[in-house]
Amino acid sequence: MSDGGYGTIVMEKIIINGAKPLRGTIEVSGAKNAALPILLAALMVDDKCVIENVPCISDVTLSLEILSSMGCRIRMLTKNTVEIDSRFATGGVSPYDLVRRMRGSYYLIGAELGRWGRAYVGLPGGCDIGIRPIDQHIKGFRALGAEISVEGGYVKASADELSGASIYFDNVTVGGTINVMIAAARAKGTTVIENAAREPHIVDLANFLNSCGAKITGAGTDVIKIKGVDKLYGSTYAIIPDMIEAGTYMCAAAATRGRLRVNNVIPKHLESISAKLEEMGVEIIENDDSVEVCGNGELRRVNIKTLPYPGFPTDMNPQIGVLLCLAKGVSCLTESIYDNRFKYVEELKRMGASITVDGSTAIIEGGGLLSAAPVKALDLRAGAAMIIAGLAAKGRTEIEDIHFIERGYDDIVGKLRSVGADIKKVIIPSAVSFEKAN
Ligand code: EPU
């Protein structure tokens, strides 16, 4: 919700008239969770970088605003290509009000430490999907020789010199692995991260940093070696496709019993999603850089547990949850990464879903039809799930709080319309208006 400027509250909603099969070809944008660390790591390069295949999402806009407020010169060369010139950036302090609006802003700690040996970064925000500590990031920075304290909502870090170290993460953490990799890229000596996360966006960040002259090996395995270098140089780099956006459209195709070609993907990254969809009876054809999804038949029940990559991604929990509501039989969906991923269940129940959450497992009695209802996007992926449910349900579904969805999906409404969905975004002035104080 926002103030329209004259004391009127304006609400943005997505409205869907569902039960129409999706048909055609849909393009996947660059990966949010690769774009954020790559854009923020450009701060450390101290040169001009051109980043291609950048998704048009609000978390990217926010990242560019943060970089700009720190003195980076930002030029949009095309809609999806940005030049970041960080030669004149002034470091060590980042804008609190912008930083706290996004999870990925914690990569500024690694980037500022790596470039200036000091960082002063507000604690990050992001979706409320459970407790999200950064103790492993801090453990990594301390191992590199930084002094760290958390005071007044800020993380304060400083080091005379960062030195390579061996770091064993107590649990697999995407953010921790990325942050330590960024800082260690310019540390003195070699850093070894053990029990590292293996997500494709970690490989993408390593490839970007290497394209700037870093010496990182092992990304994509659970042991990453980073040989620190004195300086990084500007480069031109294209971000990988977003596997979660692709997975979301694959689920939408299956939920509407449609047939979609999902273009601009790396099928290998989608293996855990494709495997579960196939187990549910969805036909998947893998091509070089696209997958075809055909959801004609009846959906079968399956059990799913979310796991770090290459396991089934937690960021697909809500979307597959909708599909399990439409499958025949009882499915168990177990969440092993976050303790508050199932908030979307209450919204799906408004649409007639029969789900019981027992600890970290949702027991989903499928087979029924979902019915349209007014619902809310409670976080980014929960919002994507509401769209899939709305596309599958007969009647008019209205989704509120869509700013969550816009954090991570590039033109989801336009893309779904192009494959036959009856979906639109509307701006509604609320009945409530108020007088503005001078
Ligand atoms: N954890 C700790 N200590 C830490 C860091 C993490 O205990 O220092 C725990 C977390 O509480 C969680 C688990 O480790 O239980 C995994 O957290 P991780 O660090 O891997 O997640 P993250 O870096 O905070 C990123 C993505 C999330 C995605 C997860 C898992 C970004 C900006 N965020 O979060 O993306 O769910 O990895 O793959 O890259 C999303 O895109 O919707 C999203 C939430």
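Note: the structure precedes this text.
Draft legend 1. Expanded view of the side chain of Ser235. With respect to the helices, strands and loops of the structure, Ser235 is situated in the loop between β13 (223-227) and β14 (236-238). A residue is classified by how much of its surface remains accessible, and Ser235, at 11% relative accessible area, is buried. Of the polar contacts made by the side chain of Ser235, one reaches the side chain of Ser211; its length is 2.8 Å. For Ser235, the residues in contact, after removing those within four places along its chain, are Lys48, Cys49, Val50, Phe208, Ser211 and Cys212.

Draft legend 2. The arrangement of the environment of Pro310 in detail. Positionally, Pro310 belongs in the loop between β18 (304-305) and α10 (317-326). Through-space distance from the C-alpha of Pro310 to that of Glu271 is 8.1 Å; in sequence the pair is 39 residues apart. Contacts of Pro310, omitting those with residues within four sequence positions, involve Arg198 and Ser272.

Draft legend 3. Representation of the nonpolar core within the structure. Membership of the largest hydrophobic core comes to 76 residues, with the highest contact counts inside it found for Leu39, Ile51, Met181, Leu205, Phe208 and Leu209. With 7 residues, helix α1 (residues 32-41) is the single largest residue contributor to this core. In this structure, Ile14, Leu323, Ala362 and Ala389 belong to the second largest nonpolar core, which totals 74 residues.

Draft legend 4. Quick look at helix α8 (residues 243-255). For α8, with 13 residues, the first-to-last C-alpha span of 18 Å sits near the 18 Å given by 1.5 Å per residue. Of all the 13 residues making up α8, 13 are buried; the element is thus mostly covered by neighbouring parts of the structure. Positive phi appears at Arg257, one or two residues downstream of α8, with a value of about 55°.

Draft legend 5. Region of the structure containing the pairing of strand β11 (residues 190-194). The sheet contact formed by strand β10 (residues 166-168) and β11 spans 3 bridges and is parallel. Following the sheet pairing, Tyr168 is matched in β11 by Glu194. In this view, the connection linking β10 to its parallel neighbour β11 by way of helix α6 (residues 174-184) has right-handed handedness. Judged from the 5 bridges that link them, β11 and β13 form a sheet pairing that is antiparallel.

Reading guide: rules and limits
- Residues numbered from 1 in each chain as written.
- Predicted model: local features only at pLDDT ≥ 70, side-chain atom pairs only at ≥ 80, totals over all residues.
- Heavy atoms only, no water.
- Helix = DSSP H or I, 4+ residues; strand = E, 2+ residues; numbered from the N terminus.
- Buried < 20%, exposed > 50% of the residue type's maximum accessible area, 1.4 Å probe, protein only.
- Polar contact = N/O pair within 3.5 Å; in protein donor to acceptor, adjacent residues only side chain to side chain.
- Contact = heavy atoms within 4.5 Å.
- Core = buried A, V, L, I, M, F, W, Y, C linked by side-chain atoms within 4.5 Å.
- Expected span 1.5 Å × (residues − 1).
- Pairing = 2+ DSSP bridges.
- Right-handed = clockwise from strand over helix to strand, strands pointing away.

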